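Listed below are the residues making up each chain.
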Amino acid sequence: IYTLSLHDALPICSVQRISGKIAVDFFGELGIPADASGATELDEEKFDAIVFAMKKTDAIETGLKLLEYSQNTKRALKTKLVMRGYSRDVADEAVDFIEGHGYINEYDMACALVEDMATRRLYGRMRIKNELFSKGFDQGAAARALEESDVDYVDICATRIKKTGGTGIFEDKVSRIKAVSSLTRYGFTLDEIKDAIKLIESGQ
């Protein structure tokens, strides 16, 4: 607990007692003395900086607790912190701190989701790209995860076709249009659909 003496423009100083936790990482930049058991006189700028550091520390603790329950992108975590009453500035710096200490790795998260959405949900590349965007992933991390993935989208498309009736769904014009429309909504290109049909017909 610090007793902070805040000087203002008036000859009389106002004394405010505040309490809170500050992460050790912030002590150096704040210039807080190691022994702060007594009253400490501060100007308004230093006082505000310490209060901000307390709020940021609290936001970091809240963010880490949220990550214990589920993975979050930076954007998603910032939104959750703001919804819990933290200012956007506090939330931004708290999440940057959390990411900087390795608790958020959007590239690894994106790689796992690409694999899951392709092999379990049978999504094509474009659908996965849109899903990553909607979940708030950094564009660079998402693009890299998609680019470096070894997913065979033709094979995934063939699996989806088999699960929805096989190549028979392309036999007449009406059902073919419907089938192609459905597959493109799942993120497959026309070339991937054609190659998937050939793959099935070849018996592979």
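Here the structure is shown first, and the text comes after it.
All values derive from a computational prediction rather than experimental measurement.

Trainee: Is there a simple way to explain the overall build of the protein chain in this structure?
Mentor: Along the protein chain, the regular secondary structure elements total 10 helices and 3 strands. The linear arrangement of helices and strands in the protein chain, starting from the amino end, is β-β-α-β-α-α-α-α-α-α-α-α-α. Across the 204 residues in the protein chain, those meeting the buried criterion constitute 38%. Taking the intrachain contacts of the protein chain between residues at least 6 apart in sequence as the baseline, contacts between residues at least 24 apart amount to 63%. Here the protein chain displays about 12,500 Å² of accessible surface, and carbon together with sulfur accounts for 51% of that area.

Trainee: What should I look at first to understand unusual backbone geometry in this one?
Mentor: Although it is not a glycine, L122 adopts a positive phi angle of roughly 60°. Within the secondary structure layout, L122 lies in the loop between helix 5 (106–119) and helix 6 (125–134). For L122, a relative accessible area of 8% corresponds to the buried category.

Trainee: What exactly am I supposed to notice about the packing of helix 3 (residues 74–83) against helix 4 (residues 88–100) here?
Mentor: Helices that pack against each other are described as a pair by the angle of their axes relative to one another and the distance between those axes. Their axes nearest at 9 Å, the elements helix 3 and helix 4 cross at an angle of 140°. One way to sum up the angle between helix 3 and helix 4 is to call them oblique. The element helix 3 and its partner helix 4 pack so that their crossing is right-handed. Between helix 3 and helix 4, the contacting residues are K74, L77, K78, L81 and V82 on the first element and R88, A91, D92, A94, V95, D96, I98 and E99 on the second. Residue classes in the contact of helix 3 with helix 4 are distributed as 7 nonpolar, no polar and 6 charged.

Trainee: Would you take a moment to explain helix 2 (residues 44–69) for this structure?
Mentor: The α-helix winds at 3.6 residues per turn, so residues separated by three or four positions along the chain end up facing the same way. Between the first and last C-alpha of helix 2 there are 38 Å, a value that for 26 residues agrees with the 38 Å anticipated at 1.5 Å per step. Listed in full, the buried residues belonging to helix 2 are F47, I50, A53, M54, K56, T57, A59, I60, T62, G63, L66 and L67.

Trainee: Which parts of the structure should I look at to understand the pattern of salt bridges?
Mentor: If charged atoms from side chains of opposite charge come close, those side chains can pair. Taken as a whole and judged by the stated rule, the model has 9 salt bridges. Ionic pairing is found between K78 and D92, a salt bridge with its closest N-O pair at 3.5 Å. Within this pair, whereas K78 is found in helix 3, its partner D92 is found in helix 4, the two being separated by 14 residues in sequence. Owing to a relative accessible area of 23%, K78 belongs among the partly exposed residues under this scheme. The structure contains a network of salt bridges with shared partners spanning K74, D96 and E99.

Trainee: Sorry if this is basic, but what is going on with the nonpolar core here?
Mentor: Counting residues in hydrophobic clusters, the biggest one holds 31 residues, and the most contacted among them are V114, I128, L132, I161 and F170. The set of elements that each furnish at least two residues to this core consists of helix 5, helix 6, helix 7 (139–148), helix 8 (153–163), helix 9 (173–185) and helix 10 (190–201). Element by element, the count of residues in this core is highest for helix 5, at 6 residues. Listed in part, the 20 residues of the second largest apolar core include I50, F97, I98 and I104.

Trainee: Please explain the side chain of T73 as it appears in this structure.
Mentor: Structurally, the position occupied by T73 is in the loop between helix 2 and helix 3. The class of T73 is buried, set by a relative accessible area of 3%. Beyond its immediate chain neighbours, meaning those up to four positions away, T73 contacts E106, M109, K135, G136 and F137.

Trainee: Just to check I follow, could you spell out the environment of K162 for this structure?
Mentor: Looking at the secondary structure, you find K162 in helix 8. Judged by its relative accessible area of 48%, K162 is partly exposed.

Trainee: Where do I start with the packing of aromatic side chains in this structure?
Mentor: Counted by the stated rule, this structure contains 1 aromatic pair. Ring centres of Y123 and Y186 lie 6.0 Å apart, and the angle between their planes is 35°; this geometry places the pair in the tilted category. Placement of the pair is Y123 in the loop between helix 5 and helix 6 and Y186 in the loop between helix 9 and helix 10, with a sequence separation of 63 residues. Classification of Y186 by relative accessible area gives partly exposed; the value is 26%. Sitting over the face of the ring of Y123, R127 holds its NZ or CZ atom 4.3 Å from the ring centroid. For R160, the ring lying beneath its charged end belongs to Y186, and the centroid distance is 3.6 Å.

Criteria and cut-off values
- Residues numbered from 1 in each chain as written.
- Predicted model: local features only at pLDDT ≥ 70, side-chain atom pairs only at ≥ 80, totals over all residues.
- Heavy atoms only, no water.
- Helix = DSSP H or I, 4+ residues; strand = E, 2+ residues; numbered from the N terminus.
- Buried < 20%, exposed > 50% of the residue type's maximum accessible area, 1.4 Å probe, protein only.
- Contact = heavy atoms within 4.5 Å.
- Areas by Shrake-Rupley, 256 points an atom, 1.4 Å probe, with all protein chains shown as cover.
- Axes fitted to C-alpha atoms, helices over the stretch in contact; angles between N-to-C directions.
- Parallel < 35°, antiparallel > 145°, perpendicular 65-115°, else oblique.
- Left-handed = near helix turned anticlockwise from the far one by under 90°.
- Nonpolar A, V, L, I, M, F, W, Y, C, P; charged D, E, K, R; others polar.
- Expected span 1.5 Å × (residues − 1).
- Salt bridge = Lys/Arg side-chain N within 4 Å of Asp/Glu carboxyl O.
- Core = buried A, V, L, I, M, F, W, Y, C linked by side-chain atoms within 4.5 Å.
- Phe/Tyr/Trp six-rings, centres within 6.5 Å; stacked < 30°, edge-to-face > 60°.
- Lys NZ or Arg CZ within 6 Å of the ring centre and 35° of its normal.

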